[in-house]
Amino acid sequence: MEMLLSGRGLIISLIFFLLKFSTAIEIPLSVQQVPTIIKQSKVQVAFPFDEYFQIECEAKGNPEPTFTWTKDDKPFNLSDPQIIVSNNSGTFKIPNEGHISHFQGKYRCFASNKLGVAVSEEIEFIVPNVPKFPKEKIEPLEVEEGDAIVLPCNPPKGLPPLHIYWMNIELEHIEQDERVYMSQKGDLYFANVEEKDSRNDYCCFAAFPRLRTIVQKMPMKLTVNSSNSIKQRKPRLLLPPPESGGESSLTILKGETLLLECFAEGLPTPQVDWNKLGGDLPKGRETKENYGKTLKIENVSYRDKGIYRCTANNFLGSATHDFHITVEEPPRWTKKPQSGVYSTGSSGILLCEAEGEPEPTIKWRVNGSPIEKNPFAGDVVSSREISFTNLQPNHTAVYQCEASNAHGTILANANIDVVDVRPLIQTEDEENYATVVGYSAFLYCEFFSSPEAIVSWQKVEEAKPLEGRRYHIYENGTLQINRTTEEDAGSYSCWVENAKGKTAVTANLDIRNATKLRISPKNPRVPRSHTLELRCESTCDSYLKHSLKLSWSKDGEAFEINGTEDGRIIIDGANLTISNVTLEDKGIYSCSAQTALDSVADITQVTILDVPDPPENLHLSERQNRSVRLTWEAGDDHNSNISEYIVEFEGNKEEPGRWEELTRVQGKETTVLLSLAPYVRYQFRVIAVNEVGRSQPSQPSDHHETPPAAPDKNPQNIRVQASQPKEMIIKWEPLKSMEQNGPGLEYRVTWKPQGAPVEWEEETVTNHTLRVMTPTVYAPYDVQVQAVNHLGSGPEPQSVVLYSGEDYPDTAPVIHGVDVINSTLVKVTWSSIPKDRVHGHLKGYQINWWKTKSLLDGRTHPKEVNILRFSGQRSYGMVPSLDAFSEFHLTVLAYNSKGAGPESEPYTFQTPEGVPEQPTFLKVIKVDKDTATLSWGLPKKLNGNLTGYLLQYQIINDTYEVGELNDINITTPSQPSWHLRNLNAATKYKFYLRACTSKGCGKPITEESTTLGEGKYAGLYDDISTQGWFIGLMCAIALLTLILLTVCFVKRNKGGKYSVKEKEDLHPDPEVQSVKDETFGEYSDSDEKPLKGSLRSLNRDMQATESADSLVEYGEGDHGLFNEDGSFIGAYTGSKEKGSVESNGSSTATFPLRA
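Owing to the predicted nature of the structure, the values given are computational and were not obtained by experimental measurement.

1. Notes on a nonpolar patch on the surface
Part 1 of the reasoning: Taken together, the side chains of Leu 1039, Leu 1040, Ile 1043 and Val 1047 present a nonpolar region at the surface, about 390 Å² in accessible area.
Part 2 of the reasoning: With respect to the helices and strands, the residue Val 1047 is situated in helix α2 (residues 1028-1053).
Part 3 of the reasoning: Taking relative accessible area as the criterion, Val 1047 reaches 43% and is therefore assigned partly exposed.

2. Notes on the sheet that holds strand β16 (residues 188-190)
Part 1 of the reasoning: The strand order β13-β16-β15 describes an open sheet built from 3 strands, whose pairing is antiparallel. Since the sheet does not close on itself, it has two edges, and those belong to β13 (149-151) and β15 (180-182), each with one partner. Here the average twist between neighbouring strands, direction ignored, is 20°.
Part 2 of the reasoning: As paired strands, β15 and β16 are joined by 3 bridges and run antiparallel to one another. Across the sheet, the residue bridging to Met 182 is Leu 188, located in β16.

3. Observations concerning the sheet that holds strand β43 (residues 471-473)
Part 1 of the reasoning: Pairing is antiparallel across the open sheet formed by 3 strands, whose spatial order is β40-β44-β43. Bordering the open sheet on either side are β40 (441-443) and β43, each of which pairs with just one other strand. Sheet twist, expressed as the average angle between the axes of neighbouring strands with direction ignored, equals 20°.
Part 2 of the reasoning: As judged from the 3 bridges shared by β40 and strand β44 (residues 479-481), these two strands associate in the antiparallel manner.

4. As for the pattern of salt bridges
Close approach of charged atoms lets side chains of opposite charge pair.
Part 1 of the reasoning: Taken as a whole and judged by the stated rule, the model has 46 salt bridges.
Part 2 of the reasoning: With a closest N to O distance of 3.3 Å, Arg 626 and Asp 712 form a salt bridge. Here Arg 626 is found in the loop between β56 (616-621) and β57 (627-633), whereas its partner Asp 712 is found in the loop between β62 (704-705) and β63 (716-721), with 86 residues between them in sequence.
Part 3 of the reasoning: Salt bridges sharing common partners tie together Arg 108, Glu 122, Arg 365 and Glu 402.

5. Structural notes on the state of the cysteines
Part 1 of the reasoning: The full count for this structure, using the stated rule, is 7 disulfides.
Part 2 of the reasoning: Each sulfur in the disulfide pair Cys 445 and Cys 494 lies 2.0 Å from the other. Since a negative S-S torsion denotes a left-handed disulfide, the Cys 445-Cys 494 link at about -85° is left-handed. Here Cys 445 is found in the loop between β40 and β41 (447-450), whereas its partner Cys 494 is found in strand β45 (residues 490-498), with 49 residues between them in sequence.
Part 3 of the reasoning: Left unpaired, Cys 203 is separated from the closest cysteine sulfur, that of Cys 204, by 9.0 Å.
Part 4 of the reasoning: Among the residues examined, Cys 203 registers a relative accessible area of 0% and is labelled buried.

6. What about the nonpolar core?
Part 1 of the reasoning: Formed by 25 residues in total, the largest nonpolar core has its most connected members in Leu 151, Trp 166, Leu 188, Phe 190 and Tyr 202.
Part 2 of the reasoning: Contributing elements (two or more residues each) for this core: β13, β14 (163-167), β15, β16, β17 (199-208) and β19 (220-225).
Part 3 of the reasoning: Here this core gets 4 residues from one element, more than from any other, and that element is β17.

7. Observations concerning a negative patch on the surface
Part 1 of the reasoning: Taken together, Asp 613, Glu 616, Glu 633 and Asp 636 make up a surface patch of like negative charges.
Part 2 of the reasoning: The residue Asp 613 is located in the loop between β55 (599-609) and β56 in this model.
Part 3 of the reasoning: The exposure class of Asp 613 is partly exposed, given its relative accessible area of 31%.

8. Regarding the confidence of the model for the protein chain
Part 1 of the reasoning: In the predicted model, the protein chain carries a mean pLDDT of 85, and 87% of its residues have values of at least 70.
Part 2 of the reasoning: In the model, residues 1-23 has pLDDT below 50 throughout and makes 50 contacts with residues more than four positions away in sequence or in other chains.
Part 3 of the reasoning: pLDDT under 50 marks residues 1055-1113. Its contacts with residues more than four places away, or in other chains, come to 109 contacts.

9. Quick look at the side chain of Thr 997
Part 1 of the reasoning: Note on placement: Thr 997 falls in strand β83 (residues 988-997).
Part 2 of the reasoning: Since its relative accessible area comes to 5%, Thr 997 is described here as buried.
Part 3 of the reasoning: Once residues within four sequence positions are removed from consideration, Thr 997 is found in contact with Glu 913, Gly 914, Val 915, Pro 916, Leu 942, Gly 944, Asn 945, Leu 946 and Thr 947.

10. Let's talk about the side chain of Asn 168
Part 1 of the reasoning: Turning to its location among the elements, Asn 168 is positioned in the loop between β14 and β15.
Part 2 of the reasoning: By relative accessible area, Asn 168 is classed as buried at 5%.
Part 3 of the reasoning: For Asn 168, the side chain forms a polar contact with the main-chain nitrogen of Glu 172, separated by 2.8 Å.
Part 4 of the reasoning: Residue contacts for Asn 168: discarding those within four places in its chain leaves Ile 174, Arg 199 and Asp 201.

11. Concerning the environment of Ser 793
Part 1 of the reasoning: Along the chain, the position of Ser 793 falls in strand β69 (residues 792-793).
Part 2 of the reasoning: Assessed through its relative accessible area of 32%, Ser 793 is described here as partly exposed.
Part 3 of the reasoning: Counting along the chain gives 48 residues from Ser 793 to Leu 745, while the straight-line C-alpha distance between them is 9.5 Å.
Part 4 of the reasoning: In this structure Ser 793 touches Ala 710, Pro 711, Arg 748, Gln 786, Ala 787 and Val 788, once residues within four positions along its chain are discounted.

12. Remarks on unusual backbone geometry
Part 1 of the reasoning: In this structure, the amide linkage connecting Leu 239 to the following residue, Pro 240, adopts the cis form with an omega of -10°.
Part 2 of the reasoning: Checked against the element boundaries, Pro 240 lands in the loop between β20 (233-239) and β21 (247-253).
Part 3 of the reasoning: Along the chain, Ser 520 connects to Pro 521 via a cis peptide bond; the corresponding omega equals -5°.
Part 4 of the reasoning: The topology assignment puts Pro 521 in the loop between β47 (516-520) and β48 (525-527).

13. With respect to the environment of Lys 106
Part 1 of the reasoning: With respect to the helices, strands and loops of the structure, Lys 106 is situated in strand β9 (residues 105-113).
Part 2 of the reasoning: Residues Lys 106 and Glu 124, spaced 18 residues apart in sequence, show a C-alpha to C-alpha distance of 4.3 Å.
Part 3 of the reasoning: Not counting residues within four places of it along the chain, the set of residues in contact with Lys 106 comprises Thr 70, Lys 71, Asp 72, Glu 122, Ile 123 and Glu 124.

14. Observations concerning the packing of aromatic side chains
Part 1 of the reasoning: Taken as a whole, this structure holds 26 aromatic pairs when the rule is applied.
Part 2 of the reasoning: Relative to Tyr 107, the ring of Phe 92 has its centre 6.1 Å away and its plane inclined at 55°; by these criteria the two rings are tilted. Linking Phe 92 in strand β8 (residues 92-95) with Tyr 107 in strand β9, this pair joins segments that are 15 residues apart in sequence. For the pair Phe 92 and Tyr 107, one class covers both residues: buried.
Part 3 of the reasoning: Taken together, the ring pairs in this structure connect Trp 69, Phe 76, Phe 92 and Tyr 107 into an aromatic cluster.
Part 4 of the reasoning: Between Lys 93 and the ring centre of Tyr 52, over which it is positioned, the NZ or CZ distance is 4.3 Å.
Part 5 of the reasoning: A cation over an aromatic ring shows up here: Arg 869 above the ring of Tyr 895, its NZ or CZ 3.8 Å from the ring centre.

15. Comments concerning the pairing of strand β72 (residues 825-831)
Part 1 of the reasoning: When strand β71 (residues 814-822) meets β72, the two strands line up antiparallel, connected through 7 bridges. Bridge pairing links Ile 815 to Trp 830 in β72.
Part 2 of the reasoning: Count of turn residues in the β71/β72 antiparallel hairpin: 2 residues.
Part 3 of the reasoning: Across 4 bridges, β72 lies against strand β75 (residues 876-879) in antiparallel orientation. If you follow Lys 827 over to β75, its bridge partner there is Met 878.

Parameters and conventions
Residues numbered from 1 in each chain as written. Predicted model: local features only at pLDDT ≥ 70, side-chain atom pairs only at ≥ 80, totals over all residues. Heavy atoms only, no water. Patch = residues over 30% accessible without salt bridge, like charges linked within 9 Å, V, L, I, M, F, W, Y side chains within 5 Å. Areas by Shrake-Rupley, 256 points an atom, 1.4 Å probe, with all protein chains shown as cover. Salt bridge = Lys/Arg side-chain N within 4 Å of Asp/Glu carboxyl O. Helix = DSSP H or I, 4+ residues; strand = E, 2+ residues; numbered from the N terminus. Buried < 20%, exposed > 50% of the residue type's maximum accessible area, 1.4 Å probe, protein only. Pairing = 2+ DSSP bridges. Axes fitted to C-alpha atoms, helices over the stretch in contact; angles between N-to-C directions. Disulfide = S-S within 2.5 Å. Core = buried A, V, L, I, M, F, W, Y, C linked by side-chain atoms within 4.5 Å. Lys, Arg positive; Asp, Glu negative; His and termini not counted. Charge placed at Lys NZ, Arg CZ, Asp CG, Glu CD. pLDDT = per-residue confidence, 0-100. Contact = heavy atoms within 4.5 Å. Polar contact = N/O pair within 3.5 Å; in protein donor to acceptor, adjacent residues only side chain to side chain. Phe/Tyr/Trp six-rings, centres within 6.5 Å; stacked < 30°, edge-to-face > 60°. Lys NZ or Arg CZ within 6 Å of the ring centre and 35° of its normal.

Pasting the structure below:
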């Protein structure tokens, strides 16, 4: 047996023990004892829809009790054939068959054995009649308008509760108001009738919900005759009835609901009011219903007795009625007699006290008979107690105490058992218990003993009673061991001893490791709308893992097992995830771990951060021309300290409604002295900032207007816009609205030639541009711009130097020469033009060149000009990316900001031969076991006179090891193919082909192929189609195919089927087919494979190849070959090849291999 031992479990266990000590001793059924009724019916109603009606009475005792019944205090025989009696109990059933009304009455059960008789409380069995309205003829009612009338209902009697409704024949409720009222008895009252009250279908319905029955009274007809002279009258009470006089008495039971009603007729309709004479109506328990006609007081107490008055008023008078209310109460126990177990020679007392109004009468019985008829020697009997002295076994009996008054009777049984036995231990022997280290352990030893016994515990191996403050033995025999340790594990013996003897049982205790728990992270601070993730890390004893359960709660309220339906809160075992957190998610989160033996919890404080609330109550003080003090109150920072405040202003006349930042203030400050500009109507607002973000802006402050003043600053960024020669368009940044300081802003512009001893020329403008004509081109001027408004001028302006408009350069540079660097690159040198001929700021020089003809075939080229610019003052430039072996023309010109000047005289030069580009293709068109034939195409650009080709090849065989490179020089430029001999059979080769001029050979193109094997497919490509055996084979295949198709067609027409193998032959798998095809050769679409080994340089005896130069490498924008001034950096050299030979776009053919 295992126990739950946590803080909460310990408290529950202690409460259980205390309750156990406070109740009567439970006698085991193995000991002889008087009967005790353990179950009985209360009021039983024979509802017509029930199958049967059961009246229960069950009791225990030793010897086993027998049962008898009384009905209405007379013996009741259970031998009636209509009754079904239960075995071994007093319970019996009355089937709902036929007439059962004769069973109605008050029953009492008697359970008896040789030691005594127990008596049940009265059990009332009610057989309700089916309620019906009597069949009657209701005469029509006819009244004059304004008269009072009552429509009687007189509902039939039936099982309460009773609900009454007035409706018409269409089941629509008759409307009730101050004039029309239904009484508690169901009658319908009219204080004064109106013509609209006429109808012939007033129906009274009585509903009995417990019987599931509604009955209807015959419809009544009411006719209201109109009258021209309706007389008004003062109120007259109809409820209570006039015959009751001005007062009446009513008794109400304590705890019930008091309902008083008053209804008066009269015209105008009277109003009803209530009061209590000599006191106030009970507050909180009284309500006035039905337009004040009903006073309702719930849960009536004794202090509610007294006189209640209702008053009906209209302007003609009033009527009153007094209700004398008496509060009484059925009997209730104040001291109920308690059963007891006594030993021979002991003494005892039975107490029986009850309260009620009127005061209850108390009677004693013994074994169901009046005590006067069965006195015991030594008993002292009074109305409220019985005393026993020197009890003997024959005193064993059941005593009954009965209290009754006018409102009911209550009865209680008290067993007096005189027993002398050896202790009986009711806890099983060898019971197993477990707890965890540090918690308390409880070992049970429940027993029965009479006379009283002494309980002791000991550890089996120590054989001596347990001693020490950690051990406590309760009166019921339970042993508590506090603050357990691992050493407390083992077997314990419980010994119980009295004067009749002693008995013992053994209990076994296991000690487990305590469960540990930790929530992470601790006390997190999470911004609003972010995700909160909490983890509950727990460890427990291996024996307890199967019972470990984790649960989460917030502020003491548990979460659902899996979180919320919307998925915002997700609980996955030890993990709690809350998405899109809000301020309501802050609080103390707890994770609890519970096992079969202990429970532990850990908490963490979750703080939700949010942007601050806006600052409040902005106030302006210390108002000056150029400053004002702004003060505010901080809003809620939402758990994150305010780091700073941003003060913004609005007042820009050009952009009204636009808020701009004025200053920032540290978060601990809530006031700032603001520096202001003149001539602005300011309004301020404040934004609070914390680690989460910015608050909404505060409400704006009051306005503060500063007076105008002269400008504090002059325009900035004075410059000249691109203009015509001898012209200056002067521009500047205009002052912003907040910088103008006053009305009437203008700009005073002054200028003069730089350094000239002449007067300043001046002009005042309102915009921010001025056009000035000058006598010379690109001349320097001193220029000043000053801000001016109606209140004065700005500070003394600073001079800036501006130049008048530029013109185009009017002379061309002279080309000194063109030095050919290589077949694609030349260096051009020229003389600079004089400064006075630039007519502006020299930006650089431009080279124009174009190809005139090819020296290879002498063809003339159309003029296509190429341009390359060089920034700054320089006298040379490099021209790249030229075609080799060609003639070019070249010019040089200067350019400034205005544009380019005239070109120089064209200079003619020629480029030398270069190396060719790679051949356009290389293919192996024929292969045998030791030969291969290669074919190729001319390069797109020969770059000179072609002298031949260099063919190289080597063995590769699909490995990283390669064979020696073999060279073949082909000196016939027009030859488009080559036949290689003496190759190895079934060997893979890689071929390289370069085109050559007198300057060397170009880049290679590559190809791979494999020679054929021995004896198979030799000479497959040597005109195979002309061989006789091949022609015969093809004819045989065609004939077989025709026969096969014919057979399949015949089978299909006959409905026959062909085999799966035939299907596969007709529809081969494309994947299998492709594998078969690949056995006839290999194909490689790679241009080059990484090779290693003893590879000779493919560049031997070759000149350096020449790179494809680009304009980007030499013109403006170059980052590698030119300095900022455009000068050439480093020597120009061709790139050299390293490693394996390069190839571009090779293609290979597929050839058959020898099997």
